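Spelled out, the chains give:
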Amino acid sequence: MATGNTLVTLYPADNEPPSSNYATLDTRNGHPVLDFDDTTAEAAVFSFVLPRTYANGGITVYVGSSATSATTGTIGWTVEIERVGTAQDTDSDSFATAATITAATVSGTSGIVTTSNVAITDGANIDSIAVGELCRIRVKRDVANDTATGDAELHFVEIKET
């Protein structure tokens, strides 16, 4: 479990959708969410600057989500980090290897937000990003390994120091 400071919190409206297979912006009782399909590995992409307070010890990525209608099954995610601009041309993507957030059981009440996470070590696993650099995180629903039917609703992504 991460014990460090929150580095950044990202919300549905911060999404920079990829050109295909993207999560769609929606609302649930006025709350913005991103809807991820249960059969296609849709993605959301978020840009941020790695804060200068980061101490180079790795990160833990938390994803807060709920099910649109499911009250049984599991929802899983993958996350990938990308260093932007300083080490690559911005005309191409170069995300690090995906880290898998183990599929978590959905609430028995549709709409209850469940938070799950994965720790990612510093270095190549986070594409060797450094403090003050622009980077991106890509979040995908892990449809190959989860079992909840219907959309998964992403409420937030939080990145903390490990």
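Everything in this summary refers to the structure shown in the same document. Just so it is clear, the model here is predicted, and its values are computed rather than measured. Residue numbers here run from 1 along each chain, matching the order of that chain's written sequence. Note on the predicted model: pLDDT of at least 70 is required for a residue's local features to be given, and 80 or more for side-chain atom pairs to be given and counted; whole-chain, interface and lining totals, by contrast, use all residues. To get the side-chain values, all heavy atoms of the structure are used, and hydrogens and water are removed first.

1. Topic: the pattern of salt bridges
Stated precisely, the cut-off is as follows: One speaks of a salt bridge when a side-chain nitrogen belonging to Lys or Arg is within 4 Å of a carboxyl oxygen belonging to Asp or Glu. Per the convention used, a helix needs a DSSP run of H or I reaching at least four residues, while a strand needs a run of E reaching at least two, with both numbered from the N terminus. Three exposure classes are used, based on accessible area relative to the maximum for each residue type with a 1.4 Å probe and protein chains only: buried under 20%, partly exposed in between, and exposed over 50%.
Evaluated as defined, the whole model comprises six salt bridges. Its salt-bridge partner being Arg138, residue Glu80 comes within 2.9 Å of it at the nearest N-O pair. Taken as a pair, Glu80 in strand E6 (residues 74-83) and Arg138 in strand E9 (residues 134-141) lie far apart in primary sequence, 58 residues in all. Here Glu80 and Arg138 have matching classes, each one buried. Residue Glu133 is joined to Arg83 by a salt bridge in which the shortest nitrogen-to-oxygen separation is 2.8 Å. Taken together, the residues Glu133 in the loop between strand E8 (114-120) and E9 and Arg83 in strand E6 connect sequence positions 50 residues apart.

2. Examining unusual backbone geometry
With a phi close to 50 degrees, Asn21 is a non-glycine residue in the positive phi region. Its place among the elements puts Asn21 in the loop between strand E1 (6-10) and strand E2 (24-28). Phi at Asn56 takes a positive value of approximately 65 degrees, unusual for a residue other than glycine. Relative to the assigned elements, Asn56 resides in the loop between strand E4 (43-49) and strand E5 (59-67). Overall, Asn56 belongs to the partly exposed group, its relative accessible area being 45%.

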